[in-house]
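These are the residues of each chain, in order.
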Amino acid sequence: MNETTEVILARRSAEQSWFSRFQAVALLAITMLAIIGKFYLPRLLPHTEWLELPLLLTVYFGLMRRSQIQALFFGAFVGLAEDSLSPANIPIGMYGITKTLVGYFAASVSLRFNVETRLMRFVLSFFFFFFHAFFYWAMRRALLGQIVPFNPQDKLVDGVLNAIVALPLFAILDRMKLSGS
Amino acid sequence: MDALLSRFRNLTVLIVVVLAQLIYLGYQVRANRDERLIRVWAVSAVTPMAGIVEAIRQNTIGFLEDYFILLDVREQNRKLKADNDRLRLQNIYYRNQLATAEHARALTIFQAQTPSKTIAARVIGNSTVASAKAVFIDRGSTSGVEQGMAVVTPEGIVGKVVSVYPLVSQVLLVTDPTFKLGVESQKGHVRGVLSCDGLGKCKVEHIQNEEKVDKNEWFYTSGEDRIFPKGFPVGTVVSSEPGQGMREVWINLSGAPGGVDEVLVVLQGVHQAIPPAPAEETATAKMLPPPPDDGASKADVKPQTEADKVLHQYEEIGKQEDHVYGGLGSNLPNFNPKPAPKTTTAPAAPANAAAESTATAPPRATILGAPKTPASGTATSTATPAEENPVLPLGAPRRKPATGATTTQPAPPRP
């Protein structure tokens, strides 16, 4: 290895480091945007309460990162951030636990299956949305004793809509290479 | 142990993270305290963007609508239709502006008229929990808002403040399934508890089947929950049917809590009386009130028909015999009394009608064996009628009346 090769490798490593840092910052920014978007989006576009952008980001990160620990921590961070904007009668940690599980399971699935096909992404987005909604409802009912409605038909429709949104969103995120893989 | 942990490292981390959150959750529930610091930071970080988002919403949505609407316009009519669409959008925009202005005006009028002290606020954001019905308003503790205050509109109730931050507050809407509210009906003042299912339907619970609640009847806040002052409109009854144990009363909220932009926070609530229900109109035609019932006018009425005369005669007989028609223990009256001797000085005032009736009374049918009644005006005879005209059996020879007799008693009629 001559000097030129060392310089090239060093430069490439620096570029990768910068890119990795950019990825982390971009991912954080997009995640915050998704959470804030959930706060403001129904005001901008009515009837968009069904859209779960933070959940889709958690699923995408879990599927593409293929690291269970990173995915569960990412899910916990997103969930706790959402919890901090939830009503005061819902304690912090409900979304945190749910999204922690979603991130972990998404990463687990990605280790066994090829999750880069559109069909697989559609199915997994739909499944994780329904799991997320049902688990949150069950926790709210079991842990907090709050009787809240759960309409499976509505949740199925919302799951399909979120899965439809997930396809172009994941494609955009692929182009940005935010997964870092 | 280390080998086991390293083998199931990922699962161990998952369990630890989930358990940590569960313990934290349990601590919050058990201590019944809200982690205020985290929420204050999060809300304070997010809400300053409300102004930007509102500006985007007001300024760019119209442009986007223009773009998407005009995208499919055919080329040859593009300009004309574009103008048309633009004018339509402007019209809609102006209508919305007008509606907003009218709503703001109504809010101001309501604020001035209501005895409760209120402060106007604007909805700036929703909750991140889709199933929880909560919004953020742009008034916080610096404006005097406190936790537990009621939030209303002139049309009805909206919710209550559950969290207060320096510049914003979080309002739990009345449509949230965990929200309960004391209400009272307008007509029967039936009290119940308002509860919504989170899917847009609300019902009043704890109303007995025996209670009367009509359709379209208004419900108002009862003030018993110590959140909403008494007398604020809640909604109208859409269906009221007896249920199992309790009545099923479904109501339509008048305030539309999910779709409001401007609200009023009740800083100091004053209980008001529930307005009385409007009177029900059973008759469609306008009718005069009944005339006053006074006996004088009734006594002055002269008998006009034969039935009136007979009735009047019976009434007179009843008065004379102290008989009360229909009264228990009253003796039977004699409807064939002996006539009172006529005198010229007989008072005619109360018996004015009686005298008239006797004067104009038709000749009574003669009953066999009954004493004859003399005709009026022929009372100059001193002999009794029985002596003058004895009742004779059929076929008996009649005696001719004397020529010098002053009586003009007619011959008895043939039976």
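Definitions and cut-offs
- Residues numbered from 1 in each chain as written.
- Chains lettered and ligands numbered in written order.
- Predicted model: local features only at pLDDT ≥ 70, side-chain atom pairs only at ≥ 80, totals over all residues.
- Heavy atoms only, no water.
- Helix = DSSP H or I, 4+ residues; strand = E, 2+ residues; numbered from the N terminus.
- Buried < 20%, exposed > 50% of the residue type's maximum accessible area, 1.4 Å probe, protein only.
- Contact = heavy atoms within 4.5 Å.
- Areas by Shrake-Rupley, 256 points an atom, 1.4 Å probe, with all protein chains shown as cover.
- Pairing = 2+ DSSP bridges.
- Axes fitted to C-alpha atoms, helices over the stretch in contact; angles between N-to-C directions.
- Salt bridge = Lys/Arg side-chain N within 4 Å of Asp/Glu carboxyl O.
- Buried area = accessible area lost by both parts, 1.4 Å probe.
- Nonpolar A, V, L, I, M, F, W, Y, C, P; charged D, E, K, R; others polar.
- Expected span 1.5 Å × (residues − 1).
- Disulfide = S-S within 2.5 Å.
- Core = buried A, V, L, I, M, F, W, Y, C linked by side-chain atoms within 4.5 Å.
- Lys, Arg positive; Asp, Glu negative; His and termini not counted.

Draft legend 1. Main features of the overall build of chain B. Along its length, chain B carries nine helices and twelve strands. Burial statistics for chain B: of 415 residues in total, 28% are counted as buried. A separation threshold of at least 6 residues defines the contact pool for chain B, and within that pool the share at least 24 residues apart is 55%. Of the roughly 27900 Å² of accessible surface on chain B, a fraction of 57% belongs to carbon and sulfur atoms.

Draft legend 2. Seen up close, the sheet that holds strand E9 (residues 218–221) of chain B. Residues and elements named next belong to chain B. Spatial ordering of the closed barrel is given by E6-E7-E8-E11-E10-E9, a layout of six strands whose pairing is antiparallel. Within the sheet, the average angular offset between the axes of one strand and its neighbour, ignoring direction, is 45°. For strand E6 (residues 180–185) and E9, the ladder comprises three bridges, and the chain directions are antiparallel. Note on E9: the bridge partner recorded for serine 185 is phenylalanine 219.

Draft legend 3. Inspection of the pattern of salt bridges at higher detail. Under the defined criterion, the tally for this structure stands at 13 salt bridges over all chains. Among the ionic pairs, lysine 187 of chain B bridges to aspartate 214 of chain B, the shortest N-O distance being 3.6 Å. Of the two residues, lysine 187 of chain B sits in the loop between E6 and strand E7 (191–196) while aspartate 214 of chain B sits in the loop between strand E8 (202–205) and E9, which places them 27 residues apart along the sequence. Residue classification places lysine 187 of chain B among the partly exposed residues on the basis of a relative accessible area of 37%. A salt bridge links lysine 203 of chain B to glutamate 248 of chain B; its shortest N-O distance comes to 3.8 Å. Of this pair, lysine 203 of chain B sits in strand E8 while glutamate 248 of chain B sits in strand E11 (residues 247–253); the two residues are 45 residues apart in sequence, bridging distant segments of the chain. We classify glutamate 248 of chain B as partly exposed; its relative accessible area is 31%. Sharing partners across several salt bridges, the network here consists of Lys38, Glu52, Glu82 and Lys99 of chain A.

Draft legend 4. How the structure looks around the interface of chain B and chain A. Counting residues at the interface gives 51 residues for chain B and 42 residues for chain A. Together, the buried faces of chain B and chain A total about 4000 Å²; carbon and sulfur atoms form 69% of this surface. When residues of chain B are sorted by the area they lose upon contact with chain A, Gln21, Arg39 and Thr128 of chain B head the list and together hold 18% of the total. Counting across the chain B and chain A interface gives zero salt bridges. Looking at the side of chain B that touches chain A, the elements with two or more residues in it are helix H2 (9–31), helix H3 (36–46), helix H4 (50–70), strand E1 (117–126), strand E2 (134–137), strand E4 (157–164) and strand E5 (169–173) of chain B. If you tally residues by element for the side of chain B that touches chain A, the top one is H2 of chain B, at 13 residues. A per-class count over the side of chain B that touches chain A returns 29 nonpolar, 13 polar and nine charged.

Draft legend 5. Representation of helix H7 (residues 306–320) of chain B within the structure. When the terminal C-alpha atoms of H7 of chain B are compared, their 21 Å separation across 15 residues agrees well with the 21 Å that a helix rising 1.5 Å per residue should span. Aspartate 322 of chain B lies just past H7 of chain B and shows a positive phi near 55°.

Draft legend 6. Highlighting the pairing of E8 of chain B. Residue and element names in this part refer to chain B. Residues Cys202 and Val204 of E8 are buried on one face, while the alternating residues Lys203 and Glu205, pointing to the opposite face, are not. Two elements, E7 and E8, share four bridges in a ladder whose sense is antiparallel. Paired with cysteine 196 across the bridge in E8 is cysteine 202. Adjacent in sequence and paired antiparallel, E7 and E8 are bridged by five residues, among which glycine 198 carries a positive phi angle near 85°. One ladder, built from three bridges, connects E8 with E11; its direction is antiparallel. Bridge pairing in E11 places lysine 203 opposite tryptophan 250.

Draft legend 7. Up close: helix H2 (residues 53–65) of chain A. All names here are of chain A. Compared with the 18 Å implied by 1.5 Å per residue over 13 residues, the 18 Å span of H2 between its first and last C-alpha is a close match. Within the span of H2, buried status applies to Pro54, Leu55, Leu56, Leu57, Thr58, Val59, Tyr60, Phe61, Gly62, Leu63 and Met64. Positive phi appears at arginine 66, one or two residues downstream of H2, with a value of about 60°.

Draft legend 8. Looking closely at the state of the cysteines. All names here are of chain B. Summed over all chains, the structure comprises one disulfide over all chains. Residue cysteine 196 pairs covalently with cysteine 202 via a disulfide, S to S 1.9 Å. A torsion of 95° about the S-S bond marks the disulfide between cysteine 196 and cysteine 202 as right-handed. Accessibility classification places cysteine 196 together with cysteine 202 in one group, the buried group.

Draft legend 9. Seen up close, the nonpolar core. Grouped together as the largest cluster of nonpolar side chains are 29 residues, with contacts concentrated most on Leu181, Leu194, Phe219, Val234 and Ile251 of chain B. It is E11 of chain B that contributes the most residues to this core, three residues altogether. Core analysis: the second largest hydrophobic core is formed by 20 residues, Leu27 and Leu85 of chain A together with Ala42 and Tyr165 of chain B among them.

Draft legend 10. A look at the side chain of arginine 140 of chain A. Looking at the secondary structure, you find arginine 140 of chain A in helix H5 (residues 118–143). Although arginine 140 of chain A is buried, it forms no salt bridge, and the closest oppositely charged side chain is aspartate 176 of chain B at an N-O distance of 4.5 Å. Discounting chain neighbours no more than four positions away, the residues touching arginine 140 of chain A are Asn89, Ile90, Met94, Gly145, Gln146 and Val148 of chain A together with Val129, Ser131, Ala132 and Thr178 of chain B.

Nothing here speaks to function; it is geometry throughout.
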